[in-house]
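Listed here are the chains, written in short residue letters.
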Amino acid sequence: PYRFRLKKGFPIPKLPTDYPLTNERVALGSQLFHDTRLSRTNTISCASCHHAGSAFSDPDRVSTGVEGRTGSRNSMPLVNLAWKTQFFWDGRAASLREQALIPIEDHLEMDQSLEETVAKISDDERYRVLFEKAFGTPEISAERLGIAIDQFELTLTSFDSKFDRAAKGEATLTGAEKRGFELFMTEFDPRRGLRGADCFHCHGGAFFTDHRFHNNGLKETGDRGLAAFTGKLSDVSKFSTPSLRNVALTAPYMHDGRFQTLEEVVAHYVSGIHRSSTLDPNLAKHGGD
């Protein structure tokens with residue numbers, strides 16, 4: 001069994017029960033995650049858009065697929081995924097196992113059928129050995145590809161920041177950091193004399209995300225966000241709330257990477273909020289155009 005570690009105080013995640021985490025399956029998933037043969041041109045792997053040094057996000061504004069094709073979104077960081085129930089910026093995948101396979105067939109990303117992917121991987125004797133260690137037989141299938149990549153991604157956890165250590169009395173926040181946390185956790189309600197930043201509504205809790213979808217006042221570019229999946233007008237311009245863990249490493253910011261710095265992000269919430277019918281109520285009370 002793989003020893004899954006989590007921070008004290010984190011809720012117990014719903015880890016897979018049909019295929020419990022094992023060292024062998026996690027190792028296989030890591031190998032596949034970094035294998036460019038998952039793409040049609042043998043040039044793009046999962047790691048090409050999810051860089052370990054960027055907290056498994058993409059430092060480019062939008063991610064680049066085979067033959068230089070680009071989409072309209074920045075690759076989300078891969079962290080604490082065991083606690084999520086919807087994946088992608090628009091929530092169209094209901095499981096991490098499902099999400100792991102979608103980029104392989106996406107025309108703008110790896111552009112390769114799962115059948116061709118399985119055939120290419122099956123030609124490698126080393127993989128047949130790894131699959132037998134992971135699953136008990138050397139059979140290679142799309143389902144097993146998804147399971148293995150899922151298991152590797154589930155191990156990408158984050159719970160030992162300076163903030164976590166300060167909460168345990170093992171580190172001390174600076175005066176500016178303490179003031180920032182106070183603003184972060186304070187409501188904006190001038191009628192009660194409160195002029196906080198309201199960040200905690202969407203980015204509170206142990207994961208610094210509510211794992212929900214919000215319209216955070218970005219000027220629209222044609223990307224309908226959650227509405228493209230649900231078909232509901234009430235979901236237009238709503239996107240998954242990213243975790244703020246490792247946020248210093250995950251620039252650029254927002255679903256389309258439009259902001260290069262955290263200063264730009266803060267400036268957006270101070271004075272750049274675009275009003276629309278689906279704007280989150282906790283932002284509607286702030287200034288904007």
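The coordinates are above.
Residues numbered from 1 in each chain as written. Predicted model: local features only at pLDDT ≥ 70, side-chain atom pairs only at ≥ 80, totals over all residues. Heavy atoms only, no water.

Visitor: Residue-level account of the overall build of the protein chain, with values.
Guide: The secondary structure content of the protein chain amounts to 12 helices and 4 strands. Relative to a compact globule of 289 residues, whose C-alpha radius of gyration would be 19 Å, the protein chain shows 20 Å and is just as compact. Taken over the C-alpha atoms alone, the protein chain extends approximately 70 × 45 × 30 Å along its principal axes. Split into buried and exposed, the 289 residues of the protein chain put 45% on the buried side. Considering only intrachain contacts with a sequence separation of at least 6, the fraction spanning at least 24 residues in the protein chain is 58%. Only carbon and sulfur atoms are counted for the fraction: they give 54% of the accessible area of the protein chain, which is about 14700 Å². For the protein chain, the distance from the average position of its 36 positive side-chain charges to the average position of its 39 negative side-chain charges is 7 Å. (Helix = DSSP H or I, 4+ residues; strand = E, 2+ residues; numbered from the N terminus. Rg over C-alpha atoms; globule rule 2.2 N^0.38 Å. Buried < 20%, exposed > 50% of the residue type's maximum accessible area, 1.4 Å probe, protein only. Contact = heavy atoms within 4.5 Å. Areas by Shrake-Rupley, 256 points an atom, 1.4 Å probe, with all protein chains shown as cover. Lys, Arg positive; Asp, Glu negative; His and termini not counted. Charge placed at Lys NZ, Arg CZ, Asp CG, Glu CD.)

Visitor: Before we move on, can you summarise the nonpolar core with the specific residues and values?
Guide: With 42 residues, the main nonpolar core has L28, L32, F33, L38, I121, Y127 and F131 as its most contacted residues. Looking at this core, the elements with two or more residues in it are α1 (23-33), α2 (46-49), α3 (96-105), α4 (114-122), α5 (125-135) and α6 (142-154). In terms of residue count, α6 provides more of this core than any other element does, 6 residues in total. Leave out the neighbours within four places in its chain, and Y127 touches L28, Q31, L32, D35, R37, I121 and I140. Ranked by size, the runner-up nonpolar core spans 5 residues in total, among them L218, Y253, F259 and V265. (Core = buried A, V, L, I, M, F, W, Y, C linked by side-chain atoms within 4.5 Å.)

Visitor: Quick rundown of α1? Include the residues and the values.
Guide: Looking only at α1, the buried set comprises R25, V26, L28, G29, L32 and F33. Burial along α1 is one-sided: seen end-on, the buried residues are contained in an arc of 160 degrees. Lining the buried residues of α1 we find α2, α4, α5 and α6. (Arc of directions from axis to C-beta.)

Visitor: Go over the layout of surface pockets with me, naming the residues and quoting the values.
Guide: Estimates place the volume of the second largest pocket at around 760 Å³. Of all the secondary-structure elements, those providing two or more residues to the lining of the second largest pocket are α2, α3 and α6. Take the lining of the second largest pocket: its biggest share by element is 4 residues, from α3. Grouping the amino acids of the lining of the second largest pocket by side-chain chemistry returns 20 nonpolar, 16 polar and 6 charged. (1 Å grid on protein atoms, 1.4 Å probe; cavity = no way out; pocket = protein on both sides within 12 Å on 5 of 7 lines; lining within 4 Å. Points joined across faces, edges and corners; volume = space filled by probe spheres on them. Nonpolar A, V, L, I, M, F, W, Y, C, P; charged D, E, K, R; others polar.)

Visitor: Give me the lowdown on the pattern of salt bridges, citing residues and values where you can.
Guide: Counted under the stated rule, the structure contains 25 salt bridges. Between E67 and R69 there is a salt bridge, with the nearest N and O atoms lying 2.8 Å from each other. For E67, a relative accessible area of 55% gives the class exposed. For R69, a relative accessible area of 18% translates into the label buried. A cluster of three or more residues bridged by salt bridges with shared partners is formed by D35, R37, D124 and R126. (Salt bridge = Lys/Arg side-chain N within 4 Å of Asp/Glu carboxyl O.)

Visitor: Provide a residue-level description of unusual backbone geometry, including the pertinent values.
Guide: In this structure, the amide linkage connecting A251 to the following residue, P252, adopts the cis form with an omega of 0 degrees. Its place among the elements puts P252 in the loop between β4 (239-240) and α11 (262-271). The backbone phi angle of E67 is positive, close to 55 degrees, even though this residue is not glycine. Of note, E67 is situated in the loop between α2 and α3. The backbone of M254 sits at a positive phi, close to 80 degrees, despite the residue not being glycine.

Visitor: Before we move on, could you go through the environment of T36 and cite the residues and values that matter?
Guide: Along the chain, the position of T36 falls in the loop between α1 and α2. Assessed through its relative accessible area of 29%, T36 is described here as partly exposed. T36 sits 10 residues away from C46 along the chain, and the two C-alpha atoms are 7.9 Å apart. Residues contacting T36, with those up to four places away along its chain left out, are N42, T43, I44 and S45. Here the side chain of T36 touches N42 through a polar contact of 3.2 Å, landing on its backbone oxygen. (Polar contact = N/O pair within 3.5 Å; in protein donor to acceptor, adjacent residues only side chain to side chain.)

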